[in-house]
Amino acid sequence: MNIFMHKILRDFEQDLCRCLRLSLSDFINVVGQRGDDPIAEFEQILKDYGASALRDHMDQCINTLSVIYQERELGRRMTREEIAENAQRLGLVPRHEIGYQS
């Protein structure tokens, strides 16, 4: 792993901790339960689309987990507006329009 990717992962872990009180290991365990390798996916996004797209994807991952946890508490699905408000509340605002599908 290159030093640039290491810095992005460190920033991601800080956001995970700030927003969800999760470590990077916790995140990998949660996502890995589906058989996915999030680190390999992150490296591929960085290679194909660059750092801004990777950071946006990571923010989307955090917001998605946050929404899942909140929907469980609410007992209902959140609206698109609520999901967008959640991302803003967490400080996870996209840096640019992402040109890929995750």
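This is a predicted model, so every value here is computed, not measured.

Caption draft 1: The confidence of the model for the protein, seen in detail. Put simply, the protein has an average pLDDT of 90, and 91% of its residues get 70 or more. Contacts of residues 98–102 to residues separated by more than four positions or lying in other chains number 9 contacts, the stretch itself having pLDDT below 50.

Caption draft 2: Summary view of the environment of A87. Checked against the element boundaries, A87 lands in helix α5 (residues 80–89). Among all residues touching A87, those that are not within four sequence positions of it are N63 and L92.

Caption draft 3: Structural view of the state of the cysteines. Counting across every chain of the model gives 0 disulfides. Here C17 is not cross-linked by a disulfide; its sulfur's nearest cysteine counterpart is in C19, at 9.4 Å.

Caption draft 4: Inspection of the pattern of salt bridges at higher detail. Evaluated as defined, the whole model comprises 6 salt bridges. We note a salt bridge from R18 to D15, for which the minimum N-O separation is 3.3 Å. Placement of the pair is R18 and D15 together in helix α1 (residues 3–20), with a separation of 3 residues, close to one helical turn. A relative accessible area of 49% places R18 in the partly exposed class. Residue D15 is classed as partly exposed on the basis of its relative accessible area of 21%. The partner of E82 in a salt bridge is R76, and the shortest N-O contact between them spans 2.8 Å. The exposure class of E82 is partly exposed, given its relative accessible area of 25%. For R76, a relative accessible area of 38% corresponds to the partly exposed category.

Caption draft 5: Expanded view of the nonpolar core. Counting 24 residues, the largest nonpolar core has F12, L16, F27, F42 and L54 as the members making the most contacts within it. Where this core is concerned, the elements lending two or more residues are α1, α2 (24–32), α3 (38–49) and α4 (51–74). Here this core gets 7 residues from one element, more than from any other, and that element is α1. Residues contacting F42, with those up to four places away along its chain left out, are M5, L9, F12, F27, L54, H57, M58 and C61.

Rules behind the numbers
Residues numbered from 1 in each chain as written. Predicted model: local features only at pLDDT ≥ 70, side-chain atom pairs only at ≥ 80, totals over all residues. Heavy atoms only, no water. pLDDT = per-residue confidence, 0-100. Contact = heavy atoms within 4.5 Å. Helix = DSSP H or I, 4+ residues; strand = E, 2+ residues; numbered from the N terminus. Disulfide = S-S within 2.5 Å. Salt bridge = Lys/Arg side-chain N within 4 Å of Asp/Glu carboxyl O. Buried < 20%, exposed > 50% of the residue type's maximum accessible area, 1.4 Å probe, protein only. Core = buried A, V, L, I, M, F, W, Y, C linked by side-chain atoms within 4.5 Å.

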